[in-house]
Amino acid sequence: MIAPPEEFERLVTKYLGLLGIGHPWKVEVVVRTDPEESLVDPDDPDAYAACSCLPEYYRATLHFDALHESWQSVEAGDIERCVRHEVLHIPLGILSCLARDMLGGNTAAREAIRQAEERVATLLEFAPLWDQGG
Ligand SMILES: [Zn+2]
């Protein structure tokens, strides 16, 4: 084990609370601790965290790969930043899922939406507000 699995769960709970994400949302945390388990993103073997969101059902699943070698090179704070980033994808997913549904098969536009969501998640991930209340 490279990253402590229970740390992901603890930090998800912390950031759901800070963002006020509670009932009716159901957020599942899946931490990969066994090499036999599937990767967090089968399309991207390098991914060590991911968020999948079904906003219309108030459901989200956060995936973290506790075995991923990248945790060896990060400090404890980076696990927290990573969890914060993935939790931020939950409210952002409300808009991006809607946009993707409306775009249908327009892959270029869908990719533009994905990249915009990524930029907003990263912007908020590094926002100074977390140092004040978090
Ligand atoms: Zn992201």
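Before any of the text, the structure's been laid out above.
Residues numbered from 1 in each chain as written. Predicted model: local features only at pLDDT ≥ 70, side-chain atom pairs only at ≥ 80, totals over all residues.

A. Focus on the nonpolar core. Membership of the largest hydrophobic core comes to 20 residues, with the highest contact counts inside it found for Phe 8, Val 12, Leu 62, Phe 64, Val 83 and Val 87. Put simply, the parts of the chain that give this core at least two residues each are helix H1 (5-19), strand S1 (26-32), strand S2 (49-54), strand S3 (59-65) and helix H2 (76-103). It is H2 that contributes the most residues to this core, five residues altogether. Contact partners of Phe 64, with chain neighbours within four places excluded, come to Phe 8, Val 31, Arg 32, Val 40, Tyr 48 and Ala 49. (Core = buried A, V, L, I, M, F, W, Y, C linked by C-beta atoms within 7 Å. Buried ≥ 20, exposed ≤ 12 C-beta atoms within 10 Å, placed from the backbone. Helix = DSSP H or I, 4+ residues; strand = E, 2+ residues; numbered from the N terminus. Contact = placed C-beta atoms within 7 Å.)

B. Summary view of the pairing of S3. Counting buried positions over the seven residues of S3 gives five, a clear majority of the element. Of the pairings in the sheet, the one linking S1 to S3 comprises seven bridges and is parallel in character. Looking at the pairing, Val 31 lines up with Phe 64 of S3. When S2 meets S3, the two strands line up antiparallel, connected through six bridges. Bridging from a neighbouring strand, Leu 54 pairs with Arg 59 of S3. Hairpin connection, S2 to S3: the antiparallel pair is bridged by four residues, and Tyr 58 has positive phi, about 55°. (Pairing = 2+ DSSP bridges.)

C. Representation of the sheet that holds S1 in the model. Taken together, three strands build an open sheet; the order of strands is S1-S3-S2 and the sheet is mixed. Strands at the two margins of the open sheet, each flanked by one partner only, are S1 and S2. Neighbour-to-neighbour, the strand axes of this sheet turn through a mean angle of 15°, independent of strand direction. (Axes fitted to C-alpha atoms, helices over the stretch in contact; angles between N-to-C directions.)

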